[in-house]
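# Structural characterization, general
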Amino acid sequence: MRIGLVGYGFGGRWFHAPLIAGGRGTVLAGVVTRSPQRAAQVVAEHPGTPVLRSLAALVAAGVDAVAVSTPAATHTAVTEEVLRLGLPVVCDKPFALDAAAARGTVELAERLGVPLTVYQNRRWDSDLRTVRRVLASGELGEVLRFESAFERWAPDAEPPEAGAGLLRDFGSHLVDQALHLFGPVCSVYAETREVRPGLEDDVLLLLRHVRGVRSHLSGAWRQGAPAPRFRVTGSAGSFVVRAPVDGQEQALLAGRTPAREGERWGVEPEAAWGALHRGGHVRAVPAERGRWDEFYERFAAAVRGTGPVPVDPWDAVATATVLDAARRSAAEGRSVEIDTEVGPEPGEVRR
């Protein structure tokens, strides 16, 4: 399947292009960028891949689908332009700047009958996949609280404006993972710190899920002592992952790819494994393989009509709704209720 990529910034260069180019049954058929520097990077890193200056030129080059990895503020306009051309789309997160825009794009895709999905690659993180296995085992008993943190120490820089602030950037992953594990949310409380209006460098979200679990989510750009990546507390024990980030990100940044690594891709060292805690009793839990390489394989199957899209775009509407409520909560200093139905079981794919 010939997939074109619009945008070759950090996300396009490291999180999309290598996985498309080296994916099973996918080819990087062209990259749209107007930056001479980024065009040179495409030529060096993906020899023979056409570098184009417009979406129209990409379509003329003959692509079967398009991945959008442009600045967040342009996602809605570019994605909808691709949909109107009749081409299936992968849109990077944040899918849209607010829930109304997200809903409008999903409804457009449904009216046109064109496949649309969202690049929530972190559903295939090793640590999250391991959390899902531990939850399914029942070893934690009744789950009471889910804590999840994307925290880093970058004191000499600000969050990139292209991500539209930490609430939308890190928050899109944090909220999506919480909803994926524990289902819809009925109330949100949030605190944020802005370096400039609309550009946060620190966020805290407290979510109350319809089924009773409480999620505590944090994202920080200048955190000198990052929290554990996950802590899941249940009536019979807790599962903790202390490693700060899934290893697939660092692997891609180092130039390693699933195509080159084969079965070694996504395998976490024992030092990065999580552990099941019951008071003084601690047992290491072998980590699941990280499988970012599955995303585009699943997307290609959906375009061919042989499977569902890897991420239901309505999940992005649900995430944007929570983030809208968080923004309102932070501004007003109170919890915000969300009207929601119980809906499908967590992780269930809508068809």
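That block above? That's the structure.
Throughout this description, residue numbers start from 1 for each chain and increase along the sequence as written. Totals for whole chains, interfaces and linings use every residue, but because this is a predicted model, local features are given only for residues with pLDDT of at least 70 and side-chain atom pairs only at 80 or more, for both listing and counting. Each side-chain value is derived from all of the structure's non-hydrogen atoms; neither hydrogens nor water enter the calculation.

## Overview of the overall build of the protein
What counts as a helix is a DSSP run of H or I of at least four residues, what counts as a strand is a run of E of at least two, and both are numbered from the N terminus. For the protein, the count of helices and strands is 11 helices and 15 strands. Relative to the globule expectation of 20 Å for 351 residues, the C-alpha radius of gyration of the protein, 20 Å, shows essentially globular dimensions. Here's how the labels work: a residue is buried when its accessible area is under 20% of the maximum for its type, exposed when over 50%, partly exposed in between, all with a 1.4 Å probe on protein chains only. Per-residue burial for the protein yields a buried fraction of 53% across its 351 residues. Only the protein chains shown count as covering a residue, and every accessible area follows the Shrake-Rupley method with a 1.4 Å probe. Summed over all atoms, the accessible surface of the protein reaches about 15200 Å², with 51% contributed by carbon and sulfur. All tallies of charge rest on Lys and Arg as positive and Asp and Glu as negative; His and the ends of each chain are not included. Here the site of a charge means NZ on Lys, CZ on Arg, CG on Asp, or CD on Glu. The distance from the centre of the 41 positive side-chain charges to the centre of the 43 negative ones in the protein is 3 Å. Based on C-alpha atoms, the radius of gyration is set beside the globule rule, defined as 2.2 Å times the residue count to the power 0.38.

## Comments concerning the side chain of E80
Mapped onto the elements of the fold, E80 is located in helix 4 (residues 75–84). With a relative accessible area of 16%, E80 lands in the buried category. Here, residues are in contact when the closest pair of their heavy atoms is within 4.5 Å. When near neighbours in sequence (up to four residues on either side) are disregarded, E80 contacts G104, T105 and L108.

## So, unusual backbone geometry
In the segment running from K93 into P94, the intervening peptide bond is cis, with an omega of -10°. Secondary-structure assignment places P94 in the loop between strand 5 (89–92) and helix 5 (99–112).

## Examining the environment of F239
Mapping F239 onto the fold places it in strand 12 (residues 237–241). When the C-alpha positions of F239 and A57 are compared, they lie 50 Å apart, and in sequence the two are 182 residues distant. Excluding residues that lie within four positions of it along the chain, F239 makes contacts with T130, V131, V134, L140, F230, R231, V232, G274, A275, L276 and V285.

## Re the packing of helix 5 against helix 11 (residues 313–332)
Axis definition: a line fit to C-alpha positions, over the contact stretch in the case of helices; interaxial angles, taken between N-to-C directions, run 0 to 180 degrees. Here helix 5 crosses helix 11 at 170°, and the two axes come no closer than 8 Å. With respect to each other, helix 5 and helix 11 are oriented roughly antiparallel. Considering how the two elements wind past one another, helix 5 and helix 11 form a crossing that is left-handed. Where helix 5 abuts helix 11, its residues A99, A102, R103, V106, E107 and E110 lie against P313, W314, V317, A320, T321 and D324. Taken together, the residues that form the contact of helix 5 with helix 11 break down as seven nonpolar, one polar and four charged. With respect to orientation, any angle under 35 degrees is reported as roughly parallel, any angle over 145 as roughly antiparallel, any angle of 65 to 115 as roughly perpendicular, and every other angle as oblique. Left-handed describes a crossing whose near helix is turned anticlockwise from the far helix by less than a right angle; the clockwise case is right-handed. Three classes are used, and their members are as follows: Ala, Val, Leu, Ile, Met, Phe, Trp, Tyr, Cys and Pro are nonpolar, Asp, Glu, Lys and Arg are charged, and the others, Gly among them, are polar.

## Description of the environment of G198
Positionally, G198 belongs in the loop between strand 8 (185–196) and strand 9 (199–209). On a C-alpha basis, the gap between G198 and G138 in space is 41 Å, while along the polypeptide they are 60 residues apart. In this structure G198 touches A164 and G165, once residues within four positions along its chain are discounted.

## Re the nonpolar core
Among the nonpolar cores identified, the biggest contains 54 residues, and I3, L58, V66, F95 and Y296 are the most heavily contacted of them. Each residue touching F95, except ones within four places of it in the same chain, is listed here: H75, T76, A102, T105, V106, L116, V118 and A316. For our purposes a nonpolar core is just a set of buried Ala, Val, Leu, Ile, Met, Phe, Trp, Tyr and Cys residues, chained together by side-chain atoms within 4.5 Å.

## Section: the sheet that holds strand 10 (residues 214–220)
Pairing between strands requires that DSSP locate at least two bridges from one strand to the other. Read across the sheet, nine strands follow the order 14-13-12-11-7-10-9-8-15 without closing on themselves; strand pairing throughout is mixed. Each edge of the open sheet is held by one strand with a lone partner, namely strand 14 (281–285) and strand 15 (336–337). Strand direction decides the pairing type here: strand 11 (residues 230–234) and strand 12, joined by five bridges, are antiparallel. Bridge pairing in strand 12 places V232 opposite F239. The sheet strands contacting helix 6 (residues 126–137) are strand 7 (143–151), strand 11, strand 12 and strand 14, and the helix crosses strand 11 at an angle near 10°. Along the sheet face, helix 11 touches strand 8, strand 9 and strand 15 and points at about 65° away from the line of strand 8.

## What about the environment of G255?
Here G255 lies in the loop between helix 8 (247–253) and helix 9 (258–261). Between the C-alpha atoms of G255 and W14, which are 241 residues apart in sequence, the distance is 8.6 Å.

## Details of helix 7 (residues 166–182)
Each α-helix winds once per 3.6 residues, and so residues spaced three or four apart point in a common direction. In this analysis, the expected span of each helix is defined as 1.5 Å times one less than the number of residues it contains. Along its 17 residues, helix 7 runs 22 Å from first to last C-alpha, staying within 8% of the 24 Å computed at 1.5 Å per residue. To get the bend at a given residue, fit one axis to the seven residues ending there, fit another to the seven starting there, and take the angle between those axes. For helix 7, the principal kink sits at S172 and spans about 40°. Most of helix 7 sits out of view: 17 of its 17 residues are buried. One or two steps after helix 7, the chain reaches G183, where phi turns positive at roughly 85°.

## With respect to the pairing of strand 14
Sheet topology places strand 13 (residues 274–278) next to strand 14; five bridges connect them, and they run antiparallel. Paired with G274 across the strands is V285, a residue of strand 14. Taken together, strand 13 and the strand that follows it, strand 14, pair antiparallel across an intervening segment of two residues, in which G279 is found at a positive phi of about 65°.

## Topic: the pattern of salt bridges
One speaks of a salt bridge when a side-chain nitrogen belonging to Lys or Arg is within 4 Å of a carboxyl oxygen belonging to Asp or Glu. Tallied over the entire structure, the rule returns 25 salt bridges. One salt bridge in this structure joins D293 and R291, with 3.0 Å as the shortest N-O distance. The pair D293 / R291 is uniform in exposure class, with both members buried. Salt-bridge contacts for R327 lead to D324; the nearest nitrogen and oxygen are separated by 3.2 Å.

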